[in-house]
Amino acid sequence: MSQRSIHALFKPSSVAVIGASDNPQRAGNLVMKNLLAGGFNGPIMPVSPKYTAVMGVLAYSSIMMLPIKPDLAIICTRASRVPELVETLAQFGCKTAIIMAAGMAQESDDLGNNLLQLALKHAKRYGMRLLGPNSLGMLLPNIGLNASLAHTGAKRGKIAFLSQSSAICTTVLDWANNKGIGFSSIISLGDAADVDFDELLDYLGKDNQTSAIILYLDAINEKRHFLSAARAASRNKPILVIKSGRSLEGMQAAKLHTGGTQGNDAVYDAAFRRAGMLRVNTLVELFAAVESLAHSVRLKGERLAIISNGGGPGILAADELIIKGGKLAQLSPATTTALSRLLPSTWSGQNPIDIVGDATGQRYCQALELVFNSGEADAILILHSPSASQDSLAIAEQLSDCIRGLPAHKGINILTNWSGEDSAYSARKYLNHAGIATYRTPEGAVKAFMHMVEYRRNQKLLQEVPASITAFIPKDTVKARNILSVAQARGQDQLATHEAGEILAAYGLNTIETGFALDTDAAIDMADQLGYPVAVKLKSDDITYKSDVHGVMLNLKNAAELKKAVDDMLARVKQTLPSAHIDGLIIQKMALTAGAQELRLAVIHDEVFGPALCLGEGGSEWDPTRDAAVALPPLNMALARYMVIQALKTKKIKDRHLPSGLDLHALCITLTKVSQLIIDCPQIRSLDINPLLASGDKICILDVSMTLTPQGVEPLNRLAIMPYPVELEEAVTLKNAMKIILRPILPEDEPQHLAFDNALSAEDRYKRYFGARSAMTHEEMAVLTQIDYAREMAFIATYDKDGDNITLGAVRASIDPDNTEAEFAMAVRSDYQGLGLGKLLLQKLIRYYQQQGTERLIGYTMFTNQNMANLAKSLGFIVSFDMEEQLIKMDMPLTSQAEAEN
């Protein structure tokens with residue numbers, strides 16, 4: 001995943017076209033035409049044994065005849081020739097190549113070698129990168145590069161568009177040109193056999209010419225890299241994604257399209273949310289979102305004011321806003337009074353602000369300026385319906401001038417809707433070219449605004465500080481793993497109910513006391529021992545879902561009720577499933593009242609993202625990814641709370657207003673415990689808790705089934721998101737005999753970490769931040785504590801002082817995507833310096849990056865920080881001085897040091 005080679009893709013200084021042609025029907029002709037029309041400044045070198053020149057440009061008969069090594073080659077030949085051409089280009093020194101041929105994964109050469117695998121093998125051997133195959137190419141308008149088969153060029157802009165579909169690329173391009181919207185890059189990945197979304201996201205996330213990123217994808221190839229890159233990029237700029245394959249049939253078509261593994265759509269949805277991306281489902285939504293991104297600033301709040309020259313459109317917009325979960329701005333009495341002075345007496349008197357059908361451009365501008373300067377709205381939607389007394393285009397022109405004069409620093413977004421076609425089209429066109437977001441309908445404008453709101457909410461949720469629940473997880477991982485290992489050794493693919501219950505109990509999950517009976521009389525005896533009320537369940541391998549035959553009966557208060565329940569269940573089985581064999585009856589003591597709410601919690605195995613938690617209410621036709629809220633592990637309390645809120649919001653869990661109510665905190669603890677169980681025990685492939693009874697703060701498991709991964713085939717990196725690396729926790733003793741813990745940082749550490757940062761002396765803060773700075777904000781602290789362990793690491797030193805964890809020091813480093821270089825920074829509390837803490841932290845970081853195979857560790861400090869420089873030198877860093885920047889550089893080659901230690 002080399003960013004160095006990706007740089008050549010985005011900044012090529014020369015281009016070769018392999019298979020260039022003068023035949024208008026050939027791909028090599030269209031690519032040459034686009035390259036020449038784009039205005040690319042570097043050499044464009046056609047390669048063709050057939051032509052002396054292509055489109056007036058001198059051609060070269062072979063790759064080896066090229067006068068210079070091209071940074072980028074575009075291969076326009078048939079699939080069978082591609083592997084040989086890739087090998088020649090790579091040997092010649094070409095850095096990147098675009099493959100346009102389709103079907104390479106399905107074709108082989110005369111020796112039976114798969115064409116795609118052969119091309120990838122040649123490229124990898126020489127360090128060349130490939131975009132495609134089945135790629136439309138790429139457009140980089142900012143450098144005048146149109147290396148594509150697109151029917152038109154792209155305007156310059158700040159949006160990057162990455163797509164696996166060539167047809168979607170050209171559709172979006174055509175629409176954007178009509179709207180006057182530009183791009184920083186348009187890249188068609190095709191089958192994404194080599195260069196993939198994660199590398200492009202890493203590059204574009206740091207690209208100052210890109211302010212937003214849009215993805216169209218059929219499938220992803222590497223879950224952890226994709227989510228890590230998406231999460232990192234989405235912290236800096238919005239990422240919108242449209243994913244095909246939402247239906248089973250669509251999923252199958254997507255697999256045929258690009259050949260990737262197709263996971264469940266609901267799990268994709270959960271993954272996108274977890275990475276901070278915003279999903280849109282249709283091209284109409286995508287176009288609206290692009291319009292918003294092209295002409296908006298990041299929202300500071302969610303309050304929308306609506307100004308309209310008609311009551312109906314304003315009400316439609318308000319309805320759509322509230323239905324979508326938005327907030328209508330509330331006008332203060334002062335603002336209402338001021339508007340009353342400007343507007344006709346028949347104005348609406350509230351938001352939506354109906355300024356009446358004969359509204360002039362001046363009236364629109366006065367209302368807009370007043371609401372804009374009131375500070376009571378974070379965004380303003382201006383609606384206009386055709387009027388016989390006023391010209392639509394003239395009003396648009398006046399408003400455009402007005403908007404340009406408003407202070408941009410206030411960060412208030414302005415959206416417009418000019419309804420209609422004949423009279424409104426020219427006005428919408430004018431507003432587009434003026435850089436003002438405009439939409440065809442009031443509802444479309446509100447949907448676009450709500451995309452911005454959802455993105456903001458996603459980012460805020462990801463920055464929420466979770467409560468610590470260490471005390472709530474009294475887990476016995478060893479016991480759980482032993483039970484699972486024994487079952488695997490026996491060749492079991494599923495655990496018995498009592499074994500699964502033991503594993504859940506080992507994680508502090510409340511399972512109900514259980515007994516087994518072969519017949520009704522034995523069941524009554526067992527119930528007498530357990531004590532009433534009880535629940536009874538059928539045990540049968542022939543009944544997949546007990547709910548199909550009402551095979552679970554709850555809250556049976558005496559022997560008569562139990563006997564009737566068993567007789568009724570057996571009668572239902574005989575009637576609906578006469579061939580089913582009943583093994584016996586499971587009797588459980590009821591731990592909760594009859595008012596408990598029945599939930600269902602499952603862990604499924606997704607083919608792309610691995611384990612996923614599903615929370616809903618169950619039922620005989622229950623589909624966990626259709627009838628449940630879905631989330632990826634690991635979960636903390638904040639993420640668990642988000643999952644429950646999603647389940648309630650989408651009606652996957654219904655608020656039944658039971659007397660005991662649904663205790664959000666208790667349910668979140670249960671979700672977090674199950675998440676931790678799945679992390680700790682890779683032997684578990686799937687889990688189904690049905691029902692999960694919730695009564696107030698009491699959560700009980702009535703029935704559970706658990707399937708296992710076959711022994712010896714536990715997948716590596718099965719989790720899409722790298723969990724907290726508990727194995728890196730370490731107890732150490734300082735020079736003063738103080739016992740502390742060195743461990744990776746957690747999101748829950750934010751309050752203590754803020755206290756630690758504030759406890760640094762003014763001098764230490766100056767050395768740490770290379771200058772004076774104010775106290776950290778919550779958003780800044782979230783970046784420091786909510787890290788992605790797959791691409792960065794922060795170790796903290798903590799001390800338990802009278803039950804409170806105190807942070808004494810911290811060292812952190814982020815790694816580049818190539819794993820070549822990690823840059824570290826370190827700080828120790830002023831009142832704990834001189835105890836060897838800095839040395840322990842830095843040594844731990846060195847060991848960690850040696851284990852990761854990182855090539856070097858570097859750091860910078862100020863000239864005045866001689867203690868840091870001396871410590872680094874004592875540990876083997878090469879210390880040098882940059883007189884111009886007034887900095888000390890500390891550099892340690894890790895690979896050579898690790899080899900020396902071995």
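Structure first, text after, so check above.
Predicted model only: the values in this text are computed from it and were never measured. (Residues numbered from 1 in each chain as written. Predicted model: local features only at pLDDT ≥ 70, side-chain atom pairs only at ≥ 80, totals over all residues. Heavy atoms only, no water.)

Caption draft 1: The arrangement of helix α25 (residues 778-785) in detail. Of the positions making up α25, those classed as buried are Met781, Ala782, Leu784 and Thr785. Along α25, the residues classed as buried sweep out an arc of 165° about the axis, all on the same side. (Buried < 20%, exposed > 50% of the residue type's maximum accessible area, 1.4 Å probe, protein only. Helix = DSSP H or I, 4+ residues; strand = E, 2+ residues; numbered from the N terminus. Arc of directions from axis to C-beta.)

Caption draft 2: Region of interest: the packing of aromatic side chains. Within this structure, the stated rule accounts for eleven aromatic pairs. Between Tyr848 and Tyr849, the aromatic rings sit 5.0 Å apart at their centres with planes inclined by 80°, giving edge-to-face as the arrangement. We classify Tyr849 as buried; its relative accessible area is 2%. Through a chain of ring-to-ring contacts, the aromatic side chains of Tyr268, Phe272 and Phe609 assemble into a single cluster. The aromatic ring of Tyr769 is capped on one face by Arg773, whose charged end is 5.3 Å from the ring centroid. Above the face of the Phe795 ring, Lys844 is positioned so that its terminal group lies 5.2 Å from the ring centre. (Phe/Tyr/Trp six-rings, centres within 6.5 Å; stacked < 30°, edge-to-face > 60°. Lys NZ or Arg CZ within 6 Å of the ring centre and 35° of its normal.)

Caption draft 3: Up close: the packing of helix α10 (residues 283-295) against helix α16 (residues 442-462). Remark: α10 packs on α16, axes separated minimally by 9 Å, with the N-to-C direction vectors making an angle of 70°. One finds that α10 runs roughly perpendicular with respect to α16. Crossing of α10 over α16 shows right-handed handedness. Together, Glu285, Ala288, Ala289 and Ser292 of α10 and Gly444, Ala448, His451 and Met452 of α16 make up the contact between the two elements. Taken together, the residues of the contact of α10 with α16 sort by class into four nonpolar, three polar and one charged. (Axes fitted to C-alpha atoms, helices over the stretch in contact; angles between N-to-C directions. Parallel < 35°, antiparallel > 145°, perpendicular 65-115°, else oblique. Left-handed = near helix turned anticlockwise from the far one by under 90°. Contact = heavy atoms within 4.5 Å. Nonpolar A, V, L, I, M, F, W, Y, C, P; charged D, E, K, R; others polar.)

Caption draft 4: Layout of the sheet that holds strand β39 (residues 887-893). The mixed open sheet is built from eight strands, whose spatial order is β32-β33-β34-β35-β36-β37-β39-β38. The sheet terminates laterally at β32 (730-733) and β38 (878-882), the two strands that pair on one side only. Within this sheet the neighbouring strands show an average axis-to-axis angle of 25°, counted without direction. Note that β32 and strand β33 (residues 739-744) share four bridges and pair antiparallel. (Pairing = 2+ DSSP bridges.)

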